[in-house]
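Listed below are the residues making up each chain.
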Amino acid sequence: MERTAQPLDADVLRTSLVGLWAQVDVVERTGSTNADLLAAAAAGAPDRSVLVAEHQEAGRGRLARTWVAPPGSGITVSILLRPTGVPPSRFSWLPLLAGLAALDAVRELTSAPAGLKWPNDLLLGAEPRKVAGILAEVGDHGRPAVVVGIGMNVVASPPDQPGATSLAAEGGPADRTAVLVALLTHLSRREAEWRDARGDPDATRLRADYRAGCASLGSEVRVELPGGAVLTGIAEDVDRDGRLLLLDRAGHRRAVAAGDVVHLRKAD
Ligand SMILES: Nc1ncnc2c1ncn2[C@@H]1O[C@H](COP(=O)(O)OP(=O)(O)OP(=O)(O)O)[C@@H](O)[C@H]1O
Ligand SMILES: O=C(O)CCCC[C@@H]1SC[C@@H]2NC(=O)N[C@@H]21
């Protein structure tokens, strides 16, 4: 690890975020903050509950992968949202919105180039590498509940992940508490705006800001779909449901709801 990690400061966290979130819990260690908050949701935990782990031992990633976070290296946080008043069909924007909030925070904290890889991997650096990932999971216990989990490499990225980087490695801060405060402040603002607009991504700047922040758009991309099929084409846009719109070589347009994107090159 390049710098010595300071422990998270739960008091600073709570004081800085007062009024933005219903409760902010910090635990020393757990398996997965997403799993814990989904269980808490089933037991009736309130809207806008936040759970932060100092050390997460079995982090879950998108597409059944794992999220690796050596102790002290970064942020592992989950947020429970119960967006009453927003039609569930619009919940698909939540993971994109969280990616945008992570981008907001990283841009506030470092001048290194940053952008999103659809749907919500945050890439950082002149040779873009992954600094943060987001996993949204839906609870199913009567009242709608979405748990948004964010992992960000702050002090260092895992040594066995060549495609990863950290904020500190790109000239940003190594203070995990300060990074969490920035992240949760931007997320609170974006989520509140989205909720006030009943989830309509065009009633606020959400879709426009996402387009501007998404490095995939205008690139030739390769998309591996969850079933294993592969598509290539130009990533043209995101639709009103947050799906990636691809134009393939045969001139067909496809809307992709989930998948793993590789950026091949900027389109001509
Ligand atoms: N801290 C991290 N920083 C950046 N990326 C990470 C981090 N932890 C995990 N990843 C990413 O998560 C994924 C790792 O998932 P996992 O190890 O389960 O599978 P994999 O190495 O992609 O192989 P496979 O998909 O075949 O299982 C990769 O995309 C990796 O880049
Ligand atoms: O890039 C990905 O595949 C998503 C990674 C999401 C990791 C975060 S860390 C906090 C929360 N708890 C989990 O188990 N996963 C998410």
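- Naming follows an unreviewed UniProt entry, where the chain appears as biotin--[biotin carboxyl-carrier protein] ligase of Pseudonocardia alaniniphila.

**Focus: the sheet that holds strand E5 (residues 74-81)**
Then comes step 1: Pairing in this open sheet of 7 strands is mixed, and the strands run E1-E2-E5-E9-E8-E7-E6 from one edge to the other. A single partner strand is all that each edge strand has here, and the edge strands are strand E1 (23-30) and strand E6 (114-117). Between one strand axis and the next, the sheet turns through 20 degrees on average, direction left out of account.
Then comes step 2: Taken together, the 10 bridges between strand E8 (residues 129-141) and strand E9 (residues 143-153) define a ladder with antiparallel strand orientation.

**Quick look at the site of ligand 2**
Then comes step 1: Taken together, 20 residues are adjacent to ligand 2, and Ser32, Gln56, Arg60, Arg62 and Lys130 come closest.
Then comes step 2: Within the side chain of threonine 33, a nitrogen or oxygen atom sits 3.1 Å from a nitrogen atom of ligand 2.
Then comes step 3: Side-chain polar atom of glutamine 56 to a nitrogen atom of ligand 2: 3.0 Å apart, as the coordinates give it.
Then comes step 4: Isolated, ligand 2 exposes 410 Å² of accessible area, and the fraction of that covered by the protein chains is 98%.
Then comes step 5: Examining the composition of the shell around ligand 2, we find that 4 residues originate from one element, E8, more than from any other.
Then comes step 6: Classifying every residue of the shell around ligand 2 gives 5 nonpolar, 11 polar and 4 charged.

**A few points about the site of ligand 1**
Then comes step 1: In the vicinity of ligand 1, the contacting residues are Arg65, Thr66, Trp67, Val68, Lys130, Asn153, Pro158, Gln161 and Ala164.
Then comes step 2: The side chain of asparagine 153 places a nitrogen or oxygen atom 2.9 Å from a nitrogen atom of ligand 1.
Then comes step 3: Note that an oxygen atom of ligand 1 is positioned 3.1 Å from one of the side-chain N or O atoms of glutamine 161.
Then comes step 4: Alone, ligand 1 offers 610 Å² of accessible surface; in the complex the protein occludes 59% of this.

**Regarding unusual backbone geometry**
Then comes step 1: Residue proline 119 is reached from tryptophan 118 by a cis peptide bond, and omega for that bond is 0 degrees.
Then comes step 2: One non-glycine residue, arginine 48, adopts positive backbone phi at about 65 degrees.
Then comes step 3: You can see arginine 48 is positioned in the loop between helix H2 (33-42) and strand E2 (49-56).
Then comes step 4: The exposure class assigned to arginine 48 is buried, which follows from its relative accessible area of 13%.
Then comes step 5: Phi at arginine 198 is positive, roughly 50 degrees, even though this residue is not glycine.
Then comes step 6: For arginine 198, the position within the fold is in the loop between helix H4 (176-196) and helix H5 (206-213).

**Observations concerning the nonpolar core**
Then comes step 1: Among the nonpolar cores identified, the biggest contains 64 residues, and Val77 and Met152 are the most heavily contacted of them.
Then comes step 2: When neighbours within four sequence positions are excluded, valine 77 is seen to be in contact with Thr33, Val50, Leu51, Val52, Val148, Gly149, Ile150, Leu180, Leu183 and Leu184.
Then comes step 3: Membership of the second largest hydrophobic core comes to 8 residues, among which are Leu37, Ala41, Leu51 and Val147.

Cut-offs used in this document
What you see as residue numbers is a count from 1 along each chain, following the sequence as written. Chains carry letters and ligands carry numbers; both start at the beginning, A for chains and 1 for ligands, and go up in the order they are written. Under the rules for a predicted model, residues below a pLDDT of 70 receive no local features and side-chain atom pairs below 80 are neither given nor counted, while totals for whole chains, interfaces and linings still include all residues. The side-chain figures draw on all heavy atoms in the structure; neither hydrogens nor water molecules are used. By this definition, two strands are paired if DSSP reports at least two bridges between them. To qualify as a helix, a DSSP run of H or I must reach at least 4 residues; to qualify as a strand, a run of E must reach at least 2; elements of each kind are numbered from the N terminus. Between N-to-C directions, angles cover 0 to 180 degrees, with each direction set by a line fitted to C-alpha atoms, over the stretch in contact for helices. Each residue is tested against the molecule or strand, and it is near if at least one of its non-hydrogen atoms lies within 4 Å. Under the rule applied, a polar contact is a pair of N or O atoms within 3.5 Å (in protein, one hydrogen donor and one hydrogen acceptor; residues adjacent in sequence only if both atoms are side-chain atoms). Methods summary: accessible areas were calculated by the Shrake-Rupley approach with a probe of 1.4 Å, and residue burial reflects only the protein chains presented. Here the term charged refers only to Asp, Glu, Lys and Arg, the term nonpolar to Ala, Val, Leu, Ile, Met, Phe, Trp, Tyr, Cys and Pro, and the term polar to all other amino acids, Gly among them. Think of it in three bands: residues with accessible area under 20% of the maximum for their type are buried, residues over 50% are exposed, and the middle band is partly exposed, with areas taken using a 1.4 Å probe on protein chains only. Grouping buried Ala, Val, Leu, Ile, Met, Phe, Trp, Tyr and Cys residues that are joined through side-chain atoms within 4.5 Å yields what is termed a nonpolar core. The criterion used for residue contact is that any of the two residues' heavy atoms lie within 4.5 Å.

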